Amino acid sequence: MLQAKAADKPSSVGVVGVVVGVVGVARATLAATARSALSRLGSAGRTGALASAAACATLACGPGAMPASVRHPLVGSAAPEFHAESTAAVTVGVPGTRRTRVTVIDFWASWCASCSRTLPALDELWRDRKADGVAVIGVNVDDSEAAAEAAAYELGATFPIVADLGQRLTGTYGVAQVPLTFVVDGAGTVRWVGRDPAIARRAVEVLLSERPAGARSVFE
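Definitions and limits used
- Residues numbered from 1 in each chain as written.
- Predicted model: local features only at pLDDT ≥ 70, side-chain atom pairs only at ≥ 80, totals over all residues.
- Heavy atoms only, no water.
- Buried < 20%, exposed > 50% of the residue type's maximum accessible area, 1.4 Å probe, protein only.
- Helix = DSSP H or I, 4+ residues; strand = E, 2+ residues; numbered from the N terminus.
- Pairing = 2+ DSSP bridges.
- Expected span 1.5 Å × (residues − 1).
- Arc of directions from axis to C-beta.
- Contact = heavy atoms within 4.5 Å.
- Axes fitted to C-alpha atoms, helices over the stretch in contact; angles between N-to-C directions.

Before going further, it helps to examine the pairing of strand β1 (residues 82-85). Because side chains alternate across β1, one face comprises the buried residues Phe82 and Ala84, and the other comprises His83 and Glu85, none of which is buried. Sheet analysis places β1 next to strand β2 (residues 91-94), joined by four bridges and oriented antiparallel. Residue pairing for β2: Ala84 is matched across the bridge by Val92.

Given below as structure tokens:
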């Protein structure tokens, strides 16, 4: 923030003139810097910069539109229904209960390096938003339930973990690579698929903004 320090007891006209002048100089400097940066980027860079600005306008400055997904056949379709017992003996799945507003399903494995970053971020999302009706389910594709439990504990994942020992769910959801995260709305439609937990959080926030607040999570 730019500030102008005036002398003791200045006239109001003088202070306004100083502030207007400083703001004008700042705007001119920023405009010149932006023009210089865009000229160095070239046409491709300018296109990318404009696209980033548009994305910021629709996503970063509020819930906005649903962020773009990776290409997956389930986007916009009904999520395959399932109910399974988690490693903590809690039954979870799709559809959830009437209290569930958004379900996040993350496919992961203990040997997956990227999953070690995804799971803690999704656990933070779950702890922040479970009271608003957000359910997070981790589907582990390891060979044993013990491996799934140990890895989840090590990564600090406190949301329910399902051990997909025969990889039935993995096949049903068309998962060819982990991590892969699905965001499902309250009507059971897959609204977003991707690998970035920060974008998954944005997708969840968009869905929460579409429905009235006040719902509570079945996993509380």
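Let us now look at helix α2 (residues 115-129). In this model α2 runs 21 Å from its N-terminal to its C-terminal C-alpha over 15 residues, within 8% of the 21 Å that 1.5 Å per residue would give. Among the residues of α2, Cys115, Thr118, Leu119, Leu122, Asp123, Leu125 and Trp126 are the ones counted as buried. Along α2, the residues classed as buried sweep out an arc of 160 degrees about the axis, all on the same side. Elements that come into contact with the buried residues of α2 comprise β3 (102-108), β4 (134-140), α3 (145-155), β6 (180-185) and α5 (197-210).

This part covers α3. Within α3, the full set of buried residues consists of Ala148, Ala151 and Ala152. With its buried residues spanning 100 degrees around the axis, α3 presents them on a single face. Turned more than 90 degrees away from the buried face of α3 sit Ala146, Tyr153 and Glu154, all of them exposed. Contacts made by the buried residues of α3 are with β3, β4 and β5 (161-163). With its phi angle positive at about 75 degrees, Gly156 sits one or two positions after the end of α3.

As a further point, take the sheet that holds β6. Strand-to-strand pairing in sheets goes through backbone hydrogen bonds, with the strands running parallel or antiparallel. Spatial strand order, β5-β4-β3-β6-β7: five strands in an open sheet with mixed pairing. Since the sheet does not close on itself, it has two edges, and those belong to β5 and β7 (190-194), each with one partner. Pairs of neighbouring strands in the sheet enclose a mean axial angle of 20 degrees, with direction left out of account. Both β6 and β7 contribute to a ladder of four bridges, which runs antiparallel. Opposite Val183, over in β7, you have Trp192 as the bridge partner. Across the face of the sheet, α2 comes into contact with β3, β4 and β6 while running at roughly 160 degrees to β3. Sheet strands in contact with α5 are β3, β4, β6 and β7, and its direction is about 0 degrees off that of β6.

No statement about biological role is implied by the geometric values presented.
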